[in-house]
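Spelled out, the chains give:
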Amino acid sequence: MARQQAPPWVHAAFLLFLLSLSGAIEIPMDLTQPPTITKQSVKDHIVDPRDNILIECEAKGNPAPSFHWTRNSRFFNIAKDPRVSMRRRSGTLVIDFRSGGRPEEYEGEYQCFARNKFGTALSNRIRLQVSKSPLWPKENLDPVVVQEGAPLTLQCNPPPGLPSPVIFWMSSSMEPITQDKRVSQGHNGDLYFSNVMQQDMQTDYSCNARFHFTHTIQQKNPFTLKVLTNHPYNDSSLRNHPDMYSARGVAERTPSFMYPQGTSSSQMVLRGMDLLLECIASGVPTPDIAWYKKGGDLPSDKAKFENFNKALRITNVSEEDSGEYFCLASNKMGSIRHTISVRVKAAPYWLDEPKNLILAPGEDGRLVCRANGNPKPTVQWMVNGEPLQSAPPNPNREVAGDTIIFRDTQISSRAVYQCNTSNEHGYLLANAFVSVLDVPPRMLSPRNQLIRVILYNRTRLDCPFFGSPIPTLRWFKNGQGSNLDGGNYHVYENGSLEIKMIRKEDQGIYTCVATNILGKAENQVRLEVKDPTRIFRMPEDQVAKRGTTVQLECRVKHDPSLKLTVSWLKDDEPLYIGNRMKKEDDSLTIFGVAERDQGSYTCVASTELDQDLAKAHLTVLGRPDRPRDLELTDLAERSVRLTWIPGDDNNSPITDYVVQFEEDQFQPGVWHDHSKFPGSVNSAVLQLSPYVNYQFRVIAVNEVGSSHPSLPSERYRTSGAPPESNPGDVKGEGTRKNNMEITWTPMNATSAFGPNLRYIVKWRRRETRDTWNNVTVWGSRYVVGQTPVYVPYEIRVQAENDFGKGPEPDTVIGYSGEDLPSAPRRFRVRQPNLETINLEWDHPEHPNGILTGYILKYVAFNGTKVGKQMVENFSPNQTKFSMQRADPVSRYRFTLSARTQVGSGEAVTEESPAPPNEAYTNNHTDIATQGWFIGLMCAIALLVLILLIVCFIKRSRGGKYPVREKKDVPLGPEDPKEEDGSFDYSDEDNKPLQGSQTSLDGTIKQQESDDSLVDYGEGGEGQFNEDGSFIGQYTVKKDKEETEGNESSEATSPVNAIYSLA
């Protein structure tokens, strides 16, 4: 599938549009104006003698102009010749020969004059010629006798025609003569044989001339060749022989030029035309032709080679193409050159063509007529068709060479001026009128036009206007005051506003205003921007079998306000939708595909504003049937003739036959391509190799594909011989560091030439030049062991069979195995500033192979903090690296190693220098992050916590004293806690730990709580002593002294306090 590009005419139309924008402003036809020539025949007007003669001349003006003609610079009285008439409201001449007369009588130079009361305009001088196609003179041509290998020129000498006929060579039976490097037609029509071969006698040679106007072909009597040869047997197999000439006994000759003759020549060409240089050489073998330009290169954009490199064409020649060119003809016997000196001349061409001048009374102006050419053209001014020197004097007009200056122009200055510039190669004639008007600005187009345009396209808004003096024009958008010119906008002289690329925001109302001293006029244009039409799912290339169904998709997105039309082309022509096809909005379906359906299909999605194209190719399978009845004849030592009967081509002509062979020694059952022949033959001589047991088959090929192979032929074995070549692609490479593996591409069956094909392998150290080591190998590899690391060896591999050895082999340089390289030398890390680190190193002292690169690993670190490792790979030639630091504090550790194909070698490590303020940072950071420091801090925190807990417990219990003393009141019998003087604390007495409240006098107020310290123990029966230690179950039998003794003698333990809270 492919999206189609815009056709060439679109680009041409755009160029014409740009030219029209830069043209002069036209005077409306309702205003008086001098005549202007609008249409005329070409300068060299060749007509068909069988038709009436038409010489065109159209003009406009107000009043409408009248016409008259001159013939050969004399007045041509049309009224006196009944065959000549002038079309109504036109100056076009019609010469009618229906009632007789000879067109040749009217040949000559004609010029048209268009006149009204404001001036006279002239056409070009039109040279009328009648086409001629004379008959070829009858002549009897004797047979051309030539020695085989000699050069030959068959001259055409066509009769002179107008225009010159097209020449081509054919046989008398209208078969085209096959042309190639040896036999070709020159630009002059002659047929050149660089050397004649006996096969050239198989046909005759007739020159043909095709005449353009009469569409007739005239044929010259044919030439018959008789070739004298030293090898009378015409063996067609020698045509493809690698040394065809020596095989036929033809002596080899150095090249010599048949055209042009000699060693140098010259050629003149006009600017803008095509330069054709030609060199045809004889020689045996046929010479090759090469082209050069002395002192420079051929212009690649304009130069192309033709006629098998015998011709060099340079299109659209300019002055820079002048100089010396030479062709070099060479074959193996030598070379010669021919130098062609090219001179570029030029007919006149415009530098500044005069344009119509529209002035207001009293204004100044000028007409300019500048042209160039080689030789330099002369300039002649005329007014109303008469030389300016003989015109009445005008005080307001001054002639200064190629310029006419008008000052204080008045109404009487109106006229048509002609500028004629000429040299020996041609002329240019231009009309330009001077019109003096007093007209206020006026708009020439309808008001309030609607312009619809596609998004992102280039467009223009036209605002044709007129006025005298010439008004100035400005554009505005949506009534805003800024003038539109510049950037995406460009205003042309004729008033058109170009928008280079349309955007959505460009939509709106545009106003153009034309102003001169007599007033102003304005017009409006409304611009609407539409979305483009796009095929978003294009048809795809398909290959289908006959009788199947094919669907080509074409899905389109377009602006909904525009009407979409989808159509199809086949092979770039409108597709007829028959009963086997179904066209839908988004697809085309073909039922029962046939061979005639093959071709390219183009989907055309179009609206009234734009279109999109997408093309796909449908291939219908119709391969030819297999060839049959293969037969071997003309059996020879190195050749055989193979003949076959073609199969049906299935409506697609057979283009080629591929002959394949199979041999039963090296690769039995495997078929190889032998040769290819044109589809027009069914018999061929096959060149064979020694000692091969051949079997052949044939495959037919057409544009669709290949047939099945034919049934194989009978076998044919050739005799043996020593090899004529040696194995190719010989290499020596190490697979380990202490070996070298020698490999080569083994020779196939057609190059073995004999039984027991083997290879003599030789090698030696390149530096030492020792004696050759050799071994005979039957395979395609041999490994040399115990070699030093990566040293060069000279290697030779020679083929040998039972009939002898092959030619002396070429010497190939190989290398033993590689090893890991040593570390890079002199690894340096420099830090020129706080932002940049530069690395430099030298190559390893022992590369041990071919360096494939370097690996740099680096990591940023700051004390014990380590960043992510980064890796850089460098080419083997790089020995420097610069990097930017991520921060000014971190340092970098770099590890560099070299690499061969074996792997990376020994690494070298360096660190970047420490920044100036890093010492303090490191000390600060190291202490804070050390493990011992963290442990010490944790121990201190734990000890502080324990001490705090003990303090809270002692504060809440009041220390080690009897409860009775602490309260300073006797325990009454109402105290439920009193038992023989001891006191068992409960949670009610320990309320300060739970948030006790202290009064202003320092006493603790008891708060009710459901919690008890007993609840925090392991069991419900356990109790605590006054110091918080667990004492188990107290009994009431203990006396007061026992209790007081225990209270006073037991020390307060932080551990016990912790257990009490556990």
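Residues numbered from 1 in each chain as written. Predicted model: local features only at pLDDT ≥ 70, side-chain atom pairs only at ≥ 80, totals over all residues. Heavy atoms only, no water.

1. Regarding the state of the cysteines
Here's step 1: Here the structure, examined in full by the defined rule, presents six disulfides.
Here's step 2: There is a disulfide in this structure between C57 and C112, and the S-S distance comes to 2.0 Å. Judged by the torsion about the S-S bond (-75°), the C57/C112 disulfide is left-handed. Residue C57 is located in strand β5 (residues 57-62), and its partner C112 is located in strand β10 (residues 108-116); the two are separated by 55 residues in the primary sequence.
Here's step 3: Overall, C57 belongs to the buried group, its relative accessible area being 0%.
Here's step 4: In this model C369 forms its disulfide with C419; the gap between the sulfur atoms is 1.7 Å. Between C369 and C419 the sulfur-sulfur dihedral comes to about -65°; the bridge is accordingly left-handed. Linking C369 in the loop between β31 (365-368) and β32 (370-374) with C419 in strand β37 (residues 415-423), this pair joins segments that are 50 residues apart in sequence. This pair shows no difference in class: C369 is buried, exactly as C419 is. (Disulfide = S-S within 2.5 Å. Helix = DSSP H or I, 4+ residues; strand = E, 2+ residues; numbered from the N terminus. Buried < 20%, exposed > 50% of the residue type's maximum accessible area, 1.4 Å probe, protein only.)

2. Here we look at unusual backbone geometry
Here's step 1: Following N62, the chain continues to P63 via a peptide bond in cis, the omega torsion being 5°.
Here's step 2: Structurally, the position occupied by P63 is in the loop between β5 and β6 (66-71).
Here's step 3: Put simply, V284 and P285 share a cis peptide bond, and its omega is -5°.
Here's step 4: With respect to the helices and strands, P285 occurs in the loop between β24 (280-284) and β25 (288-293).
Here's step 5: Non-glycine residue F308 carries a positive phi angle of around 60°.
Here's step 6: Inspection of the secondary structure puts F308 in the loop between β26 (303-306) and β27 (311-314).

3. A short note on the packing of aromatic side chains
Here the distance between the centres and the angle between the planes together describe a pair of aromatic rings.
Here's step 1: A full pass over the atoms with the stated rule returns 19 aromatic pairs.
Here's step 2: Ring centres of Y694 and F696 lie 5.4 Å apart, and the angle between their planes is 10°; this geometry places the pair in the stacked category.
Here's step 3: The interplanar angle of 40° and the centroid separation of 5.7 Å between the aromatic rings of Y858 and F894 together place this pair among those described as tilted. In this pair, Y858 sits in strand β75 (residues 853-862) while F894 sits in strand β79 (residues 891-899), placing the two residues 36 residues apart along the sequence. The burial state of Y858 is the same as that of F894; both residues are buried.
Here's step 4: Taken together, the ring pairs in this structure connect F827, W841, Y854, F874 and F881 into an aromatic cluster.
Here's step 5: Between the NZ or CZ atom of K43 and the centre of the ring of Y427, over which it lies, the distance is 4.1 Å. (Phe/Tyr/Trp six-rings, centres within 6.5 Å; stacked < 30°, edge-to-face > 60°. Lys NZ or Arg CZ within 6 Å of the ring centre and 35° of its normal.)

4. Side note on the nonpolar core
Here's step 1: Judged by nonpolar contacts, the single largest core of 52 residues is most densely connected at W69, W475 and Y510.
Here's step 2: Take this core: its biggest share by element is four residues, from strand β47 (residues 519-530).
Here's step 3: With 21 residues, the next largest nonpolar core counts V146, L154, V183 and L225 among its residues. (Core = buried A, V, L, I, M, F, W, Y, C linked by side-chain atoms within 4.5 Å.)

5. Some points on the pattern of salt bridges
Here's step 1: Counted by the stated rule, this structure contains 51 salt bridges.
Here's step 2: In this structure, the salt-bridge partner of E553 is R555, at a minimum N-O distance of 3.4 Å.
Here's step 3: The closest approach of N and O atoms between D629 and R628, which form a salt bridge, is 3.0 Å.
Here's step 4: Residue classification places R628 among the partly exposed residues on the basis of a relative accessible area of 46%.
Here's step 5: The network of salt bridges with common partners includes R826, R828, R830, E840 and D842. (Salt bridge = Lys/Arg side-chain N within 4 Å of Asp/Glu carboxyl O.)

6. Notes on the side chain of R885
Here's step 1: The topology assignment puts R885 in the loop between β78 (880-884) and β79.
Here's step 2: Within the local environment of R885, its side chain forms a polar contact with the side chain of Q831, the two groups lying 2.9 Å apart.
Here's step 3: At 3.2 Å, the side chain of R885 forms a polar contact with the backbone oxygen of L834. (Polar contact = N/O pair within 3.5 Å; in protein donor to acceptor, adjacent residues only side chain to side chain.)

7. A look at the sheet that holds strand β59 (residues 639-645)
Here's step 1: Strands sit in the order β58-β59-β62 across an open sheet of three strands; the sheet is antiparallel. Looking at which strands have only one partner, the edges of the open sheet turn out to be β58 (628-633) and β62 (683-687). Within the sheet, the average angular offset between the axes of one strand and its neighbour, ignoring direction, is 25°.
Here's step 2: Here five bridges tie β59 to β62, and the two strands are oriented antiparallel to one another. Among the inter-strand pairings, L642 is bridged to a residue of β62, identified as A684. (Pairing = 2+ DSSP bridges. Axes fitted to C-alpha atoms, helices over the stretch in contact; angles between N-to-C directions.)

8. Digging into the sheet that holds strand β45 (residues 497-499)
Where strands meet in a sheet, backbone hydrogen bonds hold them as pairs that are either parallel or antiparallel.
Here's step 1: In spatial order, the strands read β41-β45-β44; together these three strands make up an open sheet with antiparallel pairing. One side of each edge strand has no neighbouring strand; the edge strands of this open sheet are β41 (459-461) and β44 (489-491). Each neighbouring strand pair of the sheet contributes to a mean axis angle of 25°, computed without reference to strand direction.
Here's step 2: Strand direction decides the pairing type here: β44 and β45, joined by three bridges, are antiparallel. The partner of H490 across the bridge, within β45, is E498.

9. Regarding the pairing of strand β73 (residues 825-830)
Here's step 1: Inspection of the sheet shows β73 paired to strand β74 (residues 836-842) by four bridges, in the antiparallel sense. Residue pairing in the sheet places R825 in a bridge with D842 of β74.
Here's step 2: Connecting the antiparallel pair β73 and β74 is a turn made up of five residues.

10. Describing the environment of S706
Here's step 1: By secondary structure assignment, the location of S706 is in the loop between β63 (693-702) and β64 (716-717).
Here's step 2: Excluding residues that lie within four positions of it along the chain, S706 makes contacts with R623, I699, A700 and V701. (Contact = heavy atoms within 4.5 Å.)

11. A closer look at the confidence of the model for the chain
Here's step 1: Counting all residues, the mean pLDDT for the chain is 84, and 85% of those residues have values of 70 or more.
Here's step 2: In the predicted structure, residues 6-22 sits below a pLDDT of 50 and forms 11 contacts with residues beyond four places in sequence or in another chain.
Here's step 3: Contacts for the low-pLDDT stretch residues 918-925, under 50 throughout, to residues beyond four places or in other chains number five contacts. (pLDDT = per-residue confidence, 0-100.)

12. Notes on a nonpolar patch on the surface
Here's step 1: A contiguous nonpolar surface patch, about 700 Å² in accessible area, is contributed by W932, L936, M937, I940, V944, L948 and F952.
Here's step 2: Mapped onto the fold, V944 is located in helix α5 (residues 931-957).
Here's step 3: A relative accessible area of 42% means that V944 is categorised as partly exposed. (Patch = residues over 30% accessible without salt bridge, like charges linked within 9 Å, V, L, I, M, F, W, Y side chains within 5 Å. Areas by Shrake-Rupley, 256 points an atom, 1.4 Å probe, with all protein chains shown as cover.)

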